[in-house]
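# Examining the three-dimensional arrangement
Read off the chains here:
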Amino acid sequence: MASSWDITPIHSSWLSRWDARWKIVAYGLAMISTTWLRSDAMLALAVAGAAILLLSGRPDWGWLSQRIATMSVFLLPFVAYLLVAPQNSGQGEWIRLALRAALYFLLAASFVATTRVHLTAAALSSLGMPPLPTRLLLMTHRYVWLIRDQWQRIRTAMKARGFQFRPSRRCWRTTGLAAATLFLAAEDRAQRVAAAMRCRGFNGRFRGMHPPQTRGSDVAKFFLLVGVAAALAAFDRMDAWLEILP
Amino acid sequence: MIQVTGLSFAYSAGSPVLRDVSLSILSGESVGLIGPNGAGKTTLLLCLAGVLPVAPGRILVGQLDPAIPSDRTRLPQRLGMIFQNSDDQLIHPTVEEDVAFGPLNLGWPEVVVRQSVAEAIQRVGLQGSEQRTPWHLSGGEKRRAALAGVLAMQPEIMLLDEPSMFLDPRARKELIRLLNDLPGTKLIAGHDLDLVLQTCRRTLLLDGGKIIADGPCEDILRRADLLEPRGLEVPFRLRLSPDRVHDSRA
């Protein structure tokens, strides 16, 4: 039983073919660069650029639409405030905050939609991240899916026996019990998964079948993304620098 | 190859699941492990695989004692286990990566891993599915992917827990053919007595954590007096052809 968020469907694109190590560093630097953006126009430009980046990575539409829907729920209060708030009561800050949130969402989405989790983990590992956080990342990804899978089974079993949620004491009690069952069953299953991994010689270290290799195009992509982000930030701060200059 | 002497096991705060089990399996033997639900079949396999803690000196798998940590680390090189539910065993996002998981853990060189993975995938007939997501495969394909993951490690001993579970008749037939083609020692646990009959020469009957019977497969599986009180039935093909002997088994 699998759902659309079990594993991000990844289509071949220039972003998906990018060596994950260069990609992580490039996205990190790009995100840091964009924190220096101040003006609405530059932030809007950065959002547009991030949207183009995301689309050029050929993300799976089903996967992306779910995330956009979630993000929209987050952005809804900003839009609602802008519509009802009186003039000059901090709308500018709200807009910048919303643009910044959208920017980071788009950047994160373009990374996640084009990079497999195990490649990210392998890249983090080769970039010097200690094994424990890397392992935690992979295990969390795996167990989140596992709990979700277990929840779907429990829900199906409840529905098949005529359960429909109504705001009654009995329904709340049943839901509470189902949640407890979920964690017990997920824990049981997690133990079986761990046993299966141990039986295949797993000793806590993940190894990839395709060790990352740097190509010229990886470096070029790195400079492209970091360069664009840095240029935006530099352009945005140009007036401040001009004031400093003699 | 496998030597078990006076093995007892109990889960914490529970009654014993295995009681003084002793058995010996020779190299190259194909043995069925049958018994009713709760007989201790899976527990025995997990003890052999070193997943459950046992007292030292009770189990020897090819000279390795799963109770000794250094031996337990080396155990996956010699022994592979197929779990009841293939979903528990498939952990990587592509079939190829999943099959490579074991060989990579053994520290094999990349070239050898690639070759071993390709051979294992071909052996189970999953060519062309290398880049598919294991969780989106059918039940039969998942079982084959799980089998490939173990075969790629080239173990001398294979433990199979309910291998025909969730399989339709065609996939089950294919699995029987695969099992009969596999070299090495096999211990196949399950209730599918027909599968055991077609793949094993020897059978162990486990009930209440004890070995009740041990002998040639057909002799044990013919005995309704042994099977029926334990909720098992004489396989249909033995009832139909009492003198039938099959030679496709290891």
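Since we're looking at a predicted model, the values are computed, not measured.

## What to know about the domain arrangement of chain A
Structurally, chain A comprises domain 1 (20–123 + 214–244) and domain 2 (130–199). Taking the mean C-alpha position of each, domain 1 of chain A and domain 2 of chain A sit 33 Å from one another.

## Overview of the packing of helix H6 (residues 131–160) of chain A against helix H7 (residues 169–199) of chain A
Residues and elements named next belong to chain A. Look at H6 against H7: their axes get within 9 Å of each other, and the N-to-C directions meet at 135°. For the element pair H6 / H7, the angle class is oblique. Pair H6 / H7 crosses with right-handed handedness. Per-class residue counts for the contact of H6 with H7 are 18 nonpolar, three polar and four charged.

## Brief notes about the sheet that holds strand S4 (residues 59–61) of chain B
Residue and element names in this part refer to chain B. An order of S2-S1-S4 is seen for the three strands of this open sheet, with the pairing classed as antiparallel. Of all the strands in the sheet, just strand S2 (16–25) and S4 have a single pairing partner and so form its edges. Taken pair by pair, the neighbouring strands of this sheet meet at an average axis angle of 20°, ignoring direction. Taken together, the three bridges between strand S1 (residues 2–10) and S4 define a ladder with antiparallel strand orientation. Counterpart to isoleucine 2 in the pairing with S4 is valine 61.

## Describing the pairing of S2 of chain B
Residue and element names in this part refer to chain B. Inspection of the sheet shows S1 paired to S2 by six bridges, in the antiparallel sense. Within the sheet, the bridge partner assigned to phenylalanine 9 lies in S2 and is leucine 18. Where S1 folds back onto S2 in an antiparallel hairpin, the turn is made up of five residues, including alanine 13, whose phi is positive at roughly 55°.

## Details of the pattern of salt bridges
Scanning all chains against the criterion turns up 24 salt bridges over all chains. Here arginine 200 of chain A ties to aspartate 98 of chain B by a salt bridge, and the two come within 3.3 Å at their closest N and O atoms. Taken together, the residues span two chains, with arginine 200 of chain A in the loop between H7 and helix H8 (216–236) and aspartate 98 of chain B in helix H4 (residues 95–105). Each member of the pair, arginine 200 of chain A as well as aspartate 98 of chain B, is classed as buried. The shortest N-O distance in the salt bridge between arginine 172 of chain B and aspartate 194 of chain B comes to 3.2 Å.

## Some thoughts on the packing of helix H3 (residues 61–84) of chain A against helix H4 (residues 91–112) of chain A
Residue and element names in this part refer to chain A. Where H3 contacts H4, the axes come no closer than 10 Å and their chain directions differ by 175°. Between H3 and H4, the crossing angle belongs to the class labelled roughly antiparallel. Across the interface between the two elements, Trp63, Arg67, Ile68, Met71, Phe74, Leu75, Phe78, Tyr81 and Leu82 from H3 touch Gln91, Trp94, Ile95, Leu97, Ala98, Ala101, Ala102, Phe105, Ala109 and Val112 from H4. Its residues assigned to classes, the contact of H3 with H4 comprises 17 nonpolar, one polar and one charged.

## Structural notes on the interface of chain B and chain A
Facing the 30 residues of chain B at the interface are 25 residues of chain A. The junction of chain B with chain A conceals about 2,700 Å² of combined surface from both sides, 59% of it contributed by carbon and sulfur atoms. For the chain B face of the interface with chain A, the top three residues by lost area are Asp88, Asn105 and Trp135 of chain B, together amounting to 22%. The tally of links from chain B across to chain A stands at four salt bridges. A salt bridge links aspartate 88 of chain B to arginine 189 of chain A, with the nearest nitrogen and oxygen atoms 3.0 Å apart.

## Digging into the sheet that holds strand S7 (residues 185–190) of chain B
Strands pair in a sheet through their backbones, by hydrogen bonds, and they do so in one of two ways: parallel or antiparallel. Residue and element names in this part refer to chain B. Read from one edge of the open sheet, six strands run S5-S6-S7-S3-S8-S9, paired in mixed fashion. With partners counted over all chains shown, the strands left at the sheet margins are strand S5 (79–82) and strand S9 (210–216), one partner each. In this sheet, neighbouring strand axes are inclined to one another by 15° on average, regardless of whether the strands run parallel or antiparallel. Alignment of strand S6 (residues 157–161) against S7, held across five bridges, turns out to be parallel. The residue bridging aspartate 161 from the neighbouring strand is alanine 189, located in S7.

## Regarding the nonpolar core
One finds Ile34, Val99, Leu147, Met158 and Leu221 of chain B to be the most contacted residues of the largest nonpolar core, which totals 56 residues. A total of six residues in this core trace back to one element, the largest contributor, which is helix H6 (residues 139–151) of chain B. Contact partners of isoleucine 34 of chain B, with chain neighbours within four places excluded, come to Lys41, Gly190, Leu193, Val196, Thr203, Leu204, Leu205, Leu206, Leu221, Leu227 and Leu232 of chain B. Counting residues in each nonpolar core, the second largest holds 38 residues, with Leu53, Ala123, Leu225 and Leu232 of chain A among its members.

Calculation criteria
Each chain carries its own residue numbering, running from 1 in the written order of its sequence. Here the convention is simple: chains get letters from A, ligands get numbers from 1, in the order in which they are written. In keeping with the predicted nature of the model, local features appear solely for residues at pLDDT of at least 70, side-chain atom pairs appear and are counted solely at 80 or more, and the whole-chain, interface and lining totals rest on all residues. Working from all heavy atoms in the structure, the side-chain values ignore hydrogens and water. Domain boundaries shown here were taken from an automatic or database domain assignment. Structural elements are reduced to axes, namely lines fitted to C-alpha atoms, with helices fitted over the stretch in contact, and the angle between N-to-C directions of any two is expressed from 0 to 180 degrees. In DSSP terms, a helix is any run of H or I states spanning at least four residues, a strand is any run of E spanning at least two, and both are numbered starting from the N terminus. Any angle that falls under 35 degrees is termed roughly parallel, while one over 145 is termed roughly antiparallel, one within 65 to 115 roughly perpendicular, and all others oblique. If you view the pair so one helix is near and one far, a crossing is left-handed when the near helix is turned anticlockwise from the far one by less than a right angle, and right-handed when it is turned clockwise. Three categories are distinguished: nonpolar for Ala, Val, Leu, Ile, Met, Phe, Trp, Tyr, Cys and Pro, charged for Asp, Glu, Lys and Arg, and polar for the others, with Gly belonging to the last. Two strands are counted as paired when DSSP detects at least two bridges linking them. The rule for a salt bridge is simple: a side-chain nitrogen of Lys or Arg has to be within 4 Å of a carboxyl oxygen of Asp or Glu. Relative accessible area decides the class of each residue, using a 1.4 Å probe on protein chains only: under 20% of the type maximum gives buried, over 50% gives exposed, and in between gives partly exposed. Any two residues having at least one pair of non-hydrogen atoms within 4.5 Å are treated as being in contact. Buried area is calculated as the accessible area (1.4 Å probe) missing from two parts once they are joined, with the contributions of both summed. The criterion is simple. A nonpolar core is a set of buried Ala, Val, Leu, Ile, Met, Phe, Trp, Tyr and Cys residues joined through side-chain atoms within 4.5 Å.

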